Amino acid sequence: MKAFEEIAAEWFLLFLCGSLEASSSRCCHVRSVVTTTGNMAASVREKQTVALRRMLNFNTPPLKNTAAEPVWKVLIYDRFGQDIISPLLSVKELRDMGITLHLLLHSDRDPIPDVPAIYFLMPTEENIDRICQDLRNQLYESYYLNFISAISRSKLEDIASAALAANVVSQVTKVFDQYLNFITLEDDMFILCHQNKELISYHAINRADLQDTDMEAIMDSIVDSLFCFFVTLGAVPIIRCPRGNAAEMVAVKLDKKLRENLRDARNSLFTGDSMSAGQFSFQRPLFVLADRNMDMATPLHHSWTYQALIHDVLDFHLNRVVMEEGASTEPSPGGARPKKKSKKSYDLTAADKFWQKHKGSPFPEVAESVQEELDSYRAQEDEVKRLKSIMGLEGEDEGAISMLSDNTAKLTSAVSSLPELLEKKRLIDLHTNVATAVLDHIKSRKLDVYFEYEEKLLSKSTLDKSLLDIITDPDAGTPEDKMRLFLIYYITAQQAPSESDLEQYRKALLDAGCDLSPLNYIKQWKAFTKMANPANYGNSGVKPMGLFSRVMNTGSQFVMEGVKNLVLKQHNLPVTRILDNLMEMKSHPETDDYRYFDPKMLRGSESSVPRNKNPFQEAIVFVVGGGNYIEYQNLVDYTKSKPGRKVVYGCSELFNAPQFMKQLSQLGLK
């Protein structure tokens, strides 16, 4: 006979299987399927936000327009969960949903016995152990366990055993798979992870000592996140990828995973209501997998648009920029301790209209717009002050009385618009501080010179001064800036420089204090890719405009003297060009041998012949090995020129040039 504990454990597992609502018939627990009805073109950001709101409402859709108090609860997450929630929901929004406390799973937490707890975390061994410990310590009134990625049956059994042992079976109310293992940063941009990103980085995939088992693990991790992305999107894509690299491995595994899920009709995550409401149009999206190795110059490029510049020169991640405040260079009096620099963080959100409008604009345009906003704010503020002083008029003369009645209405309207004015002031201050910090970098490092020179290299234009001049100029940029410029020259050169030329460059770079290890790796990379046709960067280039009009005024916040007013010419980067070929079904040597996968076809069709001859309206392009805001912005500009098209950009990690240089440097040392 079975022991009582075994029978009880099986019963509890069955309870987990059966009673957790029949919203899905997954084997042991529930898949939380979210539908966004009514809006066919809901962005992935909206869909992920809806999924989170539903989860925080005990996995039931939040009721609109209810005056009822929310149920108070605590949110327990791991670092992965925190990174997914933080770009989408503010602390205030969490509070409005009844979240009184949000705590990290592995922090010291006191028991709160009369409050339900919502857990949102990865199903890792240590997380499961900690949940079991919480159950044993009976920390909360009830437990709603939400896993970012699907939990295995064996780990579920561990939770069941712990709940039984602690006699809290009835308190474990729900166990859900959320399939939210990716981070959405924009309506049309996502990354796979921020924690442990070094495990799936460019360096990890391209290491010389990489074992097959390590590569499998990296690919499985990427595919798990992409699978979650498509479940949340509610769409099964057509997959295209190049041959013979990491992107192809991801494509093969993703096709298999989607295919297996579709085949199991009873438990498929792509059936029923989630599909009818989740599809973002009647046509399926195209999913283009690209490999970072197809374009190594763009991630090293000095950029000129606002968002990409912030990411390049400041500490900017998950839509938050962290800056040091009050960094005074003056010596402190009489041997006193120097003032400690305080850090201030700013969130650049979808609600910030200025950010939404200008994040893709060239920097000079941004500086000008911040100044305009500041001027208009000051005018409004002066008006309120003027009205106030009139209201305090003394004497009873006729004029004052009539002015008073006239101004009462004006002042009332001015006061009612005060909250709006204060919010406007907060955003102006934010962008003034951020743009000033960026401008300091541009001026001290001559970033406008670098940007213009690199654009010329990429577009094969004639150069007005030699590369050696910039490398040897002690005032132009940091050693890293010089190295980035040289690598772009080396990557884009039709013919590699001769040994003697290279030696001359090496010496100049060493004298400038550069670390040459990235060059060692790029040399291997160039030999390996045998770039018979180096990535073509299209007809890019910049054209200098006249001097800054408003910004050069003496009263301006921004002293732009000496900075070039450069305007970008629209051109397609390699990733955009590849996407354009595949979306438009163009025949092109660059993409003609791309593989084609359709997970909905019954038999795995290995053909590279597309079944679909119509151009695609929606596409997702994903770069295995890391992406950047320059490519993202280029795709946004491309989409603007194609009315009715939707393009989403994703990457395994989002790095700026210094972070990418660090990875190249590690690869070059081996």
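Everything below is about the structure printed above this text.
Residues numbered from 1 in each chain as written. Predicted model: local features only at pLDDT ≥ 70, side-chain atom pairs only at ≥ 80, totals over all residues. Heavy atoms only, no water.

Caption draft 1: Region of interest: the sheet that holds strand S17 (residues 618-624). Strand order in the open sheet made by the seven strands is S7-S8-S18-S17-S10-S9-S16, with mixed pairing throughout. Bordering the open sheet on either side are strand S7 (183-186) and strand S16 (595-597), each of which pairs with just one other strand. Recorded for the sheet is a direction-independent mean angle of 20° between the axes of neighbouring strands. Sheet topology places S17 next to strand S18 (residues 646-651); six bridges connect them, and they run parallel. For Phe622, the partnering residue across the bridge sits in S18 and is Gly650. Strands strand S9 (238-241), strand S10 (286-291), S17 and S18 of the sheet are contacted by helix H21 (residues 574-583), whose axis makes an angle of about 140° with S17. (Pairing = 2+ DSSP bridges. Helix = DSSP H or I, 4+ residues; strand = E, 2+ residues; numbered from the N terminus. Axes fitted to C-alpha atoms, helices over the stretch in contact; angles between N-to-C directions. Contact = heavy atoms within 4.5 Å.)

Caption draft 2: Molecular detail of the sheet that holds strand S11 (residues 315-317). In spatial order, the strands read S11-S12-S13; together these three strands make up an open sheet with antiparallel pairing. At either margin of the open sheet sits one strand with a lone partner, and together these are S11 and strand S13 (342-347). Within this sheet the neighbouring strands show an average axis-to-axis angle of 25°, counted without direction. Alignment of S11 against strand S12 (residues 320-325), held across three bridges, turns out to be antiparallel. Of the residues in S12, the one forming a bridge with Asp315 is Val322.

Caption draft 3: Region of the structure containing the side chain of Asp83. Among the structural elements, Asp83 can be located in helix H3 (residues 79-85). In this structure Asp83 is buried but unpaired, with Arg79 as the nearest side chain of opposite charge at 6.8 Å. Asp83 has contacts with Ile183, His194, Gln195 and Leu318, leaving out every residue within four places of it along the chain. (Buried < 20%, exposed > 50% of the residue type's maximum accessible area, 1.4 Å probe, protein only. Lys, Arg positive; Asp, Glu negative; His and termini not counted. Salt bridge = Lys/Arg side-chain N within 4 Å of Asp/Glu carboxyl O.)

Caption draft 4: Region of interest: helix H19 (residues 499-511). Under the 1.5 Å per step criterion, the end-to-end length of H19 is 18 Å for 13 residues, consistent within 8% with the ideal 18 Å. Of all the positions in H19, only Leu502, Tyr505, Ala508 and Leu509 are classed as buried. Buried positions in H19, seen along its axis, are confined to an arc of 125° and lie on one side of it. Turned more than 90 degrees away from the buried face of H19 sit Glu499, Ser500, Lys507, Leu510 and Asp511, all of them exposed. Those residues of H19 hidden inside the fold are in contact with helix H17 (467-472), helix H18 (479-492) and helix H20 (517-529). (Expected span 1.5 Å × (residues − 1). Arc of directions from axis to C-beta.)

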